[in-house]
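# Coordinate inspection notes
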2 protein chains.
Amino acid sequence: MQTIHSLFFPESVALIGASSDPERIGGRVLRFMREGGFQGTIYPINKGEALVQGLPAYKSISDVPGPVDQAVIIIPAAGVETALREAVAKGVKSVQILTAGFAEIDEAGKALQQKLVDICRAAEVRMLGPNSLGLLNLSNQYSATFSTALNGLRPVKGHIALATQSGAFGSATYGMASLRGLGFSKIIATGNEADVDVAECIDYLADDAETRVICAAVESCKDGTRLRQALLKAARAGKPVLIMKAGRTEVGASAAATHTGSLAGNDTVYDTVFAECGAYRPQSIEEMLDIAYVCAVTGHLPANDDVAILTGSGGIGILMADHASDHGLALPPLSAGASAAVREVLPFAVAANPLDTTAQVTAVASGVTRTLEALLTHSAYGTVFAYLAHVGLSPTRFQSTSDELIALKQKFPERGLVMVMLATPEVAAALDAHGIPTFADPSRAVLAIAGARQLARRQAALYTPSSGQRSAPALGDVSTEAAAKKVLAEAGLPMLPEKVCTSAEEAATTAARYGFPAVAKISSPDIAHKTEIGGVLLNLQDAEAVRQAHGELLRRARAAAPQARIDGVLITPMLKGGVETILGLHMDPTFGPMLMFGSGGTAVELFKDVAFASAPVDAARARQLVDAVQSSRLLRQWRGGPQYDEAALVDAICKLSAFAETHAAQLQSIDLNPLVVREKGAVCLDAVITLREASAI
Amino acid sequence: MQTIHSLFFPESVALIGASSDPERIGGRVLRFMREGGFQGTIYPINKGEALVQGLPAYKSISDVPGPVDQAVIIIPAAGVETALREAVAKGVKSVQILTAGFAEIDEAGKALQQKLVDICRAAEVRMLGPNSLGLLNLSNQYSATFSTALNGLRPVKGHIALATQSGAFGSATYGMASLRGLGFSKIIATGNEADVDVAECIDYLADDAETRVICAAVESCKDGTRLRQALLKAARAGKPVLIMKAGRTEVGASAAATHTGSLAGNDTVYDTVFAECGAYRPQSIEEMLDIAYVCAVTGHLPANDDVAILTGSGGIGILMADHASDHGLALPPLSAGASAAVREVLPFAVAANPLDTTAQVTAVASGVTRTLEALLTHSAYGTVFAYLAHVGLSPTRFQSTSDELIALKQKFPERGLVMVMLATPEVAAALDAHGIPTFADPSRAVLAIAGARQLARRQAALYTPSSGQRSAPALGDVSTEAAAKKVLAEAGLPMLPEKVCTSAEEAATTAARYGFPAVAKISSPDIAHKTEIGGVLLNLQDAEAVRQAHGELLRRARAAAPQARIDGVLITPMLKGGVETILGLHMDPTFGPMLMFGSGGTAVELFKDVAFASAPVDAARARQLVDAVQSSRLLRQWRGGPQYDEAALVDAICKLSAFAETHAAQLQSIDLNPLVVREKGAVCLDAVITLREASAI
């Protein structure tokens, strides 16, 4: 399959549906294409007119004399198939279908859309859309879009690429970016994604020399593997990806059948996959643009978490320090060398971090830049912020400082130098051009750097789950706790001895053999939530208590669920001590198997204190999963308590992961709840395995 | 004492230190004062020149022929006292001391500053500063400041007041606000606050007819009561206060002696007091300005939590809905009536919330405004957002929509109508002038309304702790658990029976009387953390176990703390079941007694899942304190468990509050940890009382 290069770089374009009215959709596309300064050949196709906006027009693409690289189709949906066939016959390499009214409307539209796909596939023609807002390529000034955002805002060439499914979302981002003077390399809206999707755009942009940072937005993702691979490719190329995904979807009914499923809403899975693949998920368009701006201007990510803050206002310095600490940045104090160097420039200043220069810095010649130089020379701060109030509003007075800052940045090209000040657009642009970003709001400056640093951390710790699914014999019965535990025990997961007993006497004998106290639980494939019907009795001290428990459980089960098949009563020894954790697996329809780990009993539910990882995992990744959970501190000599066996926990996670990999085709979800981590070893006290519906396999 | 009115409204001003150089500090003040258009009389005071910036100058304020209302002093610190004496002698009502170099520098400066205070107090003259950046009053165009922010940005008259301690912080806020066209009523920087502080400014501004919203920033607060009263006054006047407090201070060593103290860092106390007094604490200057903008433009706060979102982009609608849900706003679906009315305008739209009009809305005459009108007419949404992409960048095309929106707002003046679109400053200003705010970023629009709504909620639930401290006999010995529990039990707090036993036999007999199992704890005024030395033995099943425990505890105590005085061994019955909570009290140096409540054992530490309330509390406020803790869900039939006795918990909180009120003069902190809430009743299992250092009383 061809790449989507041809979509961005046509030499000749037929615009099918070009209109003489520059305000109508088909007219806007042509107008913007010409206003943009595209140097290729444009062929307006219009059934009724010989001249369209001054250009010779053709009744059909077939009538165009020369070759045509690309067709842009913007006629009503009913005519699109014919137009596409003609374009393909003409030999186009790519086609953009901007027309709406296909899969997004109804089943008939879906069928028609599939026809368009089939036509393109057969001819090896790449297709954008349908229902796409088109694209912009600032490298060759090629513009094919009807977005009215271009009426007021001309695109500026820069280093940010933008790939969105929704044209409206793309326009909103383009508009906000353009108003603040941010420049783009390429912009593309994928619409219905019948052929090209956002993932493929990210893949393409990862190779694009003009693009330093990729902004993306997905609404739904049909091919999780492709998105994952594209994100990983960009991350490996050192190219930051900022990807928005609006909509915290309610989890489906089937997924909610288990703890793991209900906690692993689709949204959390996106968070996990984006993080594993080195991408950052902004919460707002503005946050995305702030981070993109830093990446585009500096061309690098912060080398470490350490920041220094130079400020003429103590209060602003503290505000910035608060944000830095809250968002994963550190403010180590100045080294002795840096302190000495700073004091040489500013004898009156206390060499702390934040470094409050006080207003007196203005009385020192080149005070700010010399202090910054002292800091950069004698320290390893990845980023140095300078709060300069409103000096950037006086371009003439600021000129010498600006020149000094640019010289300084050239001396330290790999260090982040971020200005926080009010500035005219021209003053900011001059610094931008030399790799020095400027923010008006101190908080946003810190958050943008924190976001960029998060990207750096993630790019350095990419996780690719190995490709998965081994063929394996089908799982047998896993419908009861006992059956589920049996297959999991065979897979190496630690279980207590246990037995389903069919008489009170057998129960008593079994419990005695294991040692008291004992636990008795009803065993039935039809009773998933045993506790809710009183189907678990704990702390049975002797044989008589077990005998009574056996009878009582059968009575309770019959009363609560008269139709349930009862296998008997499960007897296990009662375990005391240890830390309760929950370990689970959930098969995500988009991204495949996801492991979930939580700790500390109620914390899982009350605080959603759980973390996720794509399966399979290795031991290192399993440890990260444990570390990502707050309550895991309970395992580590919490308040003078013991060190619990984290190695056994990590081993259990790896074993569950391997089991899930083997049986991926059959599994919907697994809950080990609780998995108790002890001072030596770990043991699973309950297990539920849910298989996929037969129809879904 | 006079109010600070005279500071803002002088009719004649002597500028002591006026300079002919319009760029020097004393020259800037004069220049800005004249540029601002102040209509009062200005008397430059300058020892050397007869004319200053074209105005007749005087060698001393004493030489001024007529009366002088206010002196603004901007000469070096050494000369300030003399100048102030002369000004007072001249009969000024108020004085601004912009000069720095007083209490912020050293002890000598502090002493000098106190002299200035004394001079002013004696003469009933109000003083701003020293070390103040001055003030601006847009009502009479009076400006007395040397902030260079005024070089580039002329102040605009509006409805936002700004009161900050730090001039730099004030300048930063002024600058950011001015760049986005926000207008001010009054701006004041209090500097060293020798006389006038931010609290008094808030108090004054609460009465100011020109001010609709008050922005404030404090660095430290000397008089917590005054700040509290000022915030309450503003809230009762329905005037929103947005107050920043940078710096999450580390808690002092004395405070950290108890759980409550260590969890009640100063910063959390500020959060609590601001919330109780109806104020909002923004995290960034931009957030403060976003909310201030909404308040200033609309003149009212959202009437309820319900919002509707009208959008032409599904993705943007979902993004906004996510933020709304995350920040306490609700998106109830359209009523049947509203649905029908909307469908009349937009037959093709699905009448959901967010309401996606799709791009087709543009094909319907006045589609947006008619849909908004349908929504407002047939629903009670406090706020309706309309996402309009970039239409505001085309003023001519947007004119009719703008007119319709203004008419609509006039029809529904109490409903919030918020535009989310890119717009020219003029387009936005036209809507602003009619009470319709506009945001470019969809997320910020939602967060600003969420902030305004938070203010409304807080204003409706103001909490004023009653004035406190009754005289009471001094507390006796509270140095051991037993002693502390005794006085708390006398105050009505629920305790188990317990006895300090001095022999193994007495311990065994006592335990038998209470009933087994029993608990034994070492009792010593010198051992605060019993658990750490193994000084607590639980679950003692019979008399023999208690006897052995007695001996064992004495041995352990002697081994761990050979010097400790040992009172004996405390025997109590062992309690099972119930929910562990922590209840505490901490004496905050600024704001007085603060109650703390937490729940769920480890959650307190792991997740800082605690809440605070100013003491004393009534039952209603005690219930809010319980409700504010996540883990309190454990009390309420959590996962099929019982309902625990919340009434008993609330009663215990009230009893502790009353106890603290009675003994406020002596107390530093109290920990009841755990306080176990049972199905019937509650009981405190351990208690620590810390008294203030004698020197601090």
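Source: prediction; values computed, not measured. (Residues numbered from 1 in each chain as written. Chains lettered and ligands numbered in written order. Predicted model: local features only at pLDDT ≥ 70, side-chain atom pairs only at ≥ 80, totals over all residues. Heavy atoms only, no water.)

Residue and element names in this part refer to chain B. Taken in spatial order, the five strands make up an open sheet running E15-E14-E16-E17-E18, and their pairing is parallel. The strands lining the two open edges of the sheet, one partner per strand, are strand E15 (355-356) and strand E18 (438-439). Examined bridge by bridge, strand E16 (residues 383-387) and strand E17 (residues 416-420) share five bridges and lie parallel to one another. If you follow Phe385 over to E17, its bridge partner there is Val418. (Pairing = 2+ DSSP bridges. Helix = DSSP H or I, 4+ residues; strand = E, 2+ residues; numbered from the N terminus.)

With that settled, the discussion passes to the packing of aromatic side chains. All names here are of chain A. All chains considered together, the criterion is met by 15 aromatic pairs over all chains. Ring plane angle 50° and centroid distance 4.7 Å describe the contact between Phe38 and Tyr142, whose orientation is recorded as tilted. Residue Phe38 is located in the loop between helix H2 (25-35) and strand E2 (41-45), and its partner Tyr142 is located in strand E9 (residues 142-145); the two are separated by 104 residues in the primary sequence. In terms of burial, Phe38 and Tyr142 fall into one category: buried. Ring centres of Tyr293 and Phe439 lie 5.5 Å apart, and the angle between their planes is 75°; on these two criteria the pair is classed as edge-to-face. You can see Tyr293 sitting in helix H11 (residues 285-298) and its partner Phe439 sitting in strand E18 (residues 438-439), a full 146 residues away along the chain. Taken together, the ring pairs in this structure connect Tyr270, Phe274 and Phe591 into an aromatic cluster. Over the aromatic face of Tyr463 sits the side chain of Arg621, whose NZ or CZ is 5.0 Å from the ring centroid. (Phe/Tyr/Trp six-rings, centres within 6.5 Å; stacked < 30°, edge-to-face > 60°. Buried < 20%, exposed > 50% of the residue type's maximum accessible area, 1.4 Å probe, protein only. Lys NZ or Arg CZ within 6 Å of the ring centre and 35° of its normal.)

Further remarks concern the pairing of strand E6 (residues 94-97) of chain B. Residue and element names in this part refer to chain B. Side chains Ser94 and Gln96 of E6 all project onto a buried face; the interleaved residues Val95 and Ile97 project onto the opposite face, where all are buried too. Relative to E6, strand E5 (residues 70-73) is paired through four bridges, and the arrangement is parallel. Opposite Val72, over in E6, you have Gln96 as the bridge partner. A crossover connection joins E5 to the parallel E6 through helix H3 (residues 80-90); in handedness this β-α-β unit is right-handed. Where E6 lies against strand E7 (residues 126-128), three bridges are found, and the strand directions are parallel. (Right-handed = clockwise from strand over helix to strand, strands pointing away.)

Attention now moves to the pattern of salt bridges. Considering all chains together, one arrives at 82 salt bridges over all chains under this definition. A salt bridge links Glu490(A) to Lys486(A), with the shortest nitrogen-to-oxygen separation between them at 3.6 Å. Here the residue Glu490(A) and the residue Lys486(A) both occupy positions in helix H18 (residues 481-490), the gap between them amounting to four residues, near one helical turn. The pair Glu490(A) / Lys486(A) is uniform in exposure class, with both members exposed. Members of the salt-bridge network, linked through shared partners, are Arg180(A), Glu286(A), Asp290(A), Arg444(A), Arg180(B), Glu286(B), Asp290(B) and Arg444(B). (Salt bridge = Lys/Arg side-chain N within 4 Å of Asp/Glu carboxyl O.)

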